[in-house]
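Per-entry structural report
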Amino acid sequence: MSDTLNTLENITYDELNEGDTATFTRTLSEDELVLFAAVSGDVNPVHLDSEFAACSMFRERIAHGMWSGSLISAALATVMPGPGTIYLEQSLSFKRPVKLDDTLTVKLKVLRKEPKNRVVVECDVRNQNNKQVVFGEAKVIAPTEKVSLHKPRLPKITIES
């Protein structure tokens, strides 16, 4: 296993250029859906109750919209600009539902650099079929000092029914 898989390295404001891109990919598992509900407090039955969701416009359980939004946050914080990034603003437009076992890829694209280390980033989130599920823009304060550090190890979490 490559050490780069365990390392977080940022891209500083001075290193960023308009048009730069980066991606971040994650698959929605049952456990992640339930954990997101537990952490956020959003227990809407369209996310958690199969019978309820079957009668909804989606005909099945769907992910929380903000789960997709949280992937944008993760991409900005860990990939581009990366560690040290401060999130200021986010617009989101939800285009289609995300379902269990969908694999989402967040594509970030630097739209422009602004004064005071501000960067505006296009956020395009697509599923495994290349269908857009979320689109928006983020404004962040990009880090000014280069850092490279080991990814933190997260605790193993188990779900009890």
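Please refer to the structure higher up on the page.
This report concerns the structure included in the present document. (Residues numbered from 1 in each chain as written. Predicted model: local features only at pLDDT ≥ 70, side-chain atom pairs only at ≥ 80, totals over all residues. Heavy atoms only, no water.)

**Concerning the overall build of the protein**
Counting its regular elements, the protein contains 4 helices and 7 strands. In sequence order, the protein lays out its α and β elements as β-β-α-α-α-α-β-β-β-β-β. Counting only C-alpha atoms, the protein reaches 50 × 30 × 30 Å along its principal axes. Counting over 161 residues, the protein shows a buried share of 34%. Long-range contacts, defined here as pairs at least 24 residues apart, represent 68% of the contacts in the protein between residues at least 6 apart. Roughly 9,600 Å² of accessible area belongs to the protein as shown, and the carbon and sulfur atoms make up 51% of that amount. (Helix = DSSP H or I, 4+ residues; strand = E, 2+ residues; numbered from the N terminus. Buried < 20%, exposed > 50% of the residue type's maximum accessible area, 1.4 Å probe, protein only. Contact = heavy atoms within 4.5 Å. Areas by Shrake-Rupley, 256 points an atom, 1.4 Å probe, with all protein chains shown as cover.)

**Some remarks on the nonpolar core**
Counting 28 residues, the largest nonpolar core has Val106, Leu108 and Val119 as its most contacted members. The set of elements that each furnish at least two residues to this core consists of β2 (21-27), α1 (30-40), α4 (65-78), β4 (103-114), β5 (118-126) and β6 (132-141). The element contributing the most residues to this core is α4, with 5 residues. Here valine 106 is in contact with Ala22, Thr23, Phe24, Leu71, Ile72, Ala75, Asp124 and Val125, once residues within four sequence places are set aside. (Core = buried A, V, L, I, M, F, W, Y, C linked by side-chain atoms within 4.5 Å.)

**What to know about the packing of aromatic side chains**
Summed over all chains, the structure comprises 0 aromatic pairs. Its guanidinium or amino end placed over the ring of tyrosine 13, lysine 113 lies 4.3 Å from that ring's centre, counting from NZ or CZ. (Phe/Tyr/Trp six-rings, centres within 6.5 Å; stacked < 30°, edge-to-face > 60°. Lys NZ or Arg CZ within 6 Å of the ring centre and 35° of its normal.)

**A closer look at α4**
Residues lying three or four places apart along an α-helix face the same way, a consequence of the helix completing one turn every 3.6 residues. Compared with the 20 Å implied by 1.5 Å per residue over 14 residues, the 21 Å span of α4 between its first and last C-alpha is a close match. For α4, the elements touching its buried residues are β2, α1, β3 (86-94), β4, β5 and β6. (Expected span 1.5 Å × (residues − 1).)

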